[in-house]
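# Commentary on secondary and tertiary structure
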Amino acid sequence: MEKQTVETMWAEIMDADAGLYILDSIPFYASDLAFGDVISAVYSEDEEMLTYKETVSYSGNSTVQVIVFDKMGVTDEIRAFFDDLGCISEKFKEGYFVIDVPADLTYTPVRNKLQELSEAGIIDYAEPCLSAAHGNAQ
């Protein structure tokens, strides 16, 4: 039996009658979703809440997941590096957070910092939702 992960996200109503919502949080686990994406959601009797149906339009933002390995690396201090680069982040718990990279932000400095921290053994990271604008960063 396949195990499913359920994630609750914040969203703003765009058009309730059409079931359209704008994501107002950074997904912690969902792939191919980013802050600001317009999604379609329907009410699920089983879940007793709105559930994701499909992405209607992409914001162009990217989502990066970060795990902090170095116990000396305080999660909030590491998040501050990315805040200074123009990214917002949300902490799930100490040792795990996600970063929103805005569509209009050059991704290269963000990726360089991620790689620097990864090579130093402080973090590891994944890019579950990398927009076209950020996908060509070197």
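Not measured: the values here are computed from a predicted model. (Residues numbered from 1 in each chain as written. Predicted model: local features only at pLDDT ≥ 70, side-chain atom pairs only at ≥ 80, totals over all residues. Heavy atoms only, no water.)

## As for the sheet that holds strand β3 (residues 38-44)
Our working rule: For two strands to count as paired, DSSP must find a minimum of two bridges between them. For helices the rule is a DSSP run of H or I covering at least 4 residues; for strands it is a run of E covering at least 2, with both sets numbered from the N terminus onward. Axis definition: a line fit to C-alpha positions, over the contact stretch in the case of helices; interaxial angles, taken between N-to-C directions, run 0 to 180 degrees.
Reading across the sheet, the four strands line up as β1-β2-β3-β4 and stay open at both edges, with antiparallel pairing between neighbours. The open sheet has two free edges, formed respectively by β1 (11-15) and β4 (49-57), since each of these has just one partner strand. Adjacent strand axes in the sheet meet at a mean angle of 40° when their direction is disregarded. Strand direction decides the pairing type here: β3 and β4, joined by seven bridges, are antiparallel. When the sheet's bridge partners are listed, V42 is paired in β4 with T51.

## A short note on helix α1 (residues 75-84)
One turn of the α-helix equals 3.6 residues, which is why residues spaced by three or four share an orientation. So the rule is basically this: Here the term buried applies to any residue with accessible area under 20% of the maximum for its type, exposed to any over 50%, and partly exposed to those in between, with areas from a 1.4 Å probe on protein chains only. By definition, the arc is the one covered by directions from the helix axis to the C-beta atoms. The contact definition used throughout considers only heavy atoms, calling two residues in contact when any of these lie within 4.5 Å.
Among all positions of α1, only T75, I78, R79 and F82 are buried. All buried residues of α1 project into a common sector of 100° when viewed along the axis, lining one side. α1 presents E77 and D84 as exposed residues on the side facing more than 90 degrees away from its buried surface. Structurally, α1 contributes buried residues whose contacts are with β5 (62-68), β6 (88-93), β7 (96-101), α2 (108-119) and β8 (123-129).

## Topic: the packing of aromatic side chains
Short version of the rule: Two rings belonging to Phe, Tyr or Trp (six-membered ring only in the last case) form a pair when the distance between their centres is within 6.5 Å. Interplanar angles under 30 degrees mark stacking, angles over 60 mark edge-to-face geometry, and anything in between is tilted.
According to the stated counting rule, one finds five aromatic pairs in the structure shown. Judged by centre distance (6.4 Å) and plane angle (45°), the ring pair of F28 and Y96 falls under tilted. Note that F28 is positioned in the loop between β2 (20-23) and β3 and Y96 in strand β7, a separation of 68 residues in sequence. Using a relative accessible area of 14% as the deciding quantity, one classes F28 as buried. Here the aromatic residues F28, Y29, F92 and Y96 are joined through ring pairs into a cluster of three or more.

## Notes on α2
Stated formally: Expected span, for any helix, means 1.5 Å times one less than how many residues it has.
Spanning 12 residues, α2 covers 16 Å between terminal C-alpha atoms, matching the ideal 16 Å at 1.5 Å per step. Looking at the packing, one finds that the buried side of α2 touches β5, α1, β7, β8 and α3 (132-135). G121 occupies a position one or two residues after α2 and carries a positive phi of about 80°.

## Here we look at the nonpolar core
Rules: Only buried residues count toward a nonpolar core, which is a set of Ala, Val, Leu, Ile, Met, Phe, Trp, Tyr and Cys residues joined through side-chain atoms within 4.5 Å.
Counting residues in each nonpolar core, the largest one holds 15 residues, and the members touching the most others are I78, F82, I99, L114 and I123. Elements represented by at least two residues in this core include exactly β5, α1, β7 and α2. Setting aside anything within four residues of it in sequence, one finds I99 in contact with I26, S62, T63, V64, V66, F82, C87, I88, S89 and L114. Counting six residues, the second-largest nonpolar core is a separate cluster that includes Y21, L23, I39 and A41.

## Considering the sheet that holds β6
Pairing is antiparallel in the open sheet, where four strands are placed in the order β6-β7-β5-β8. The outermost strands of the open sheet, each flanked by one partner alone, are β6 and β8. Neighbour to neighbour, the strand axes of the sheet diverge by 20° on average, direction disregarded. The pairing of β6 with β7 spans five bridges and is classified as antiparallel. Within β7, the position partnered with K93 by the bridge is Y96. Across the sheet, α1 is in contact with β5, β6, β7 and β8; its angle to β6 comes to roughly 165°. Strands in contact with α2 are β5, β7 and β8; relative to β8, the strand with the most contacts, it is inclined by about 140°.

Interpretation in functional terms is not warranted from these geometric data alone.
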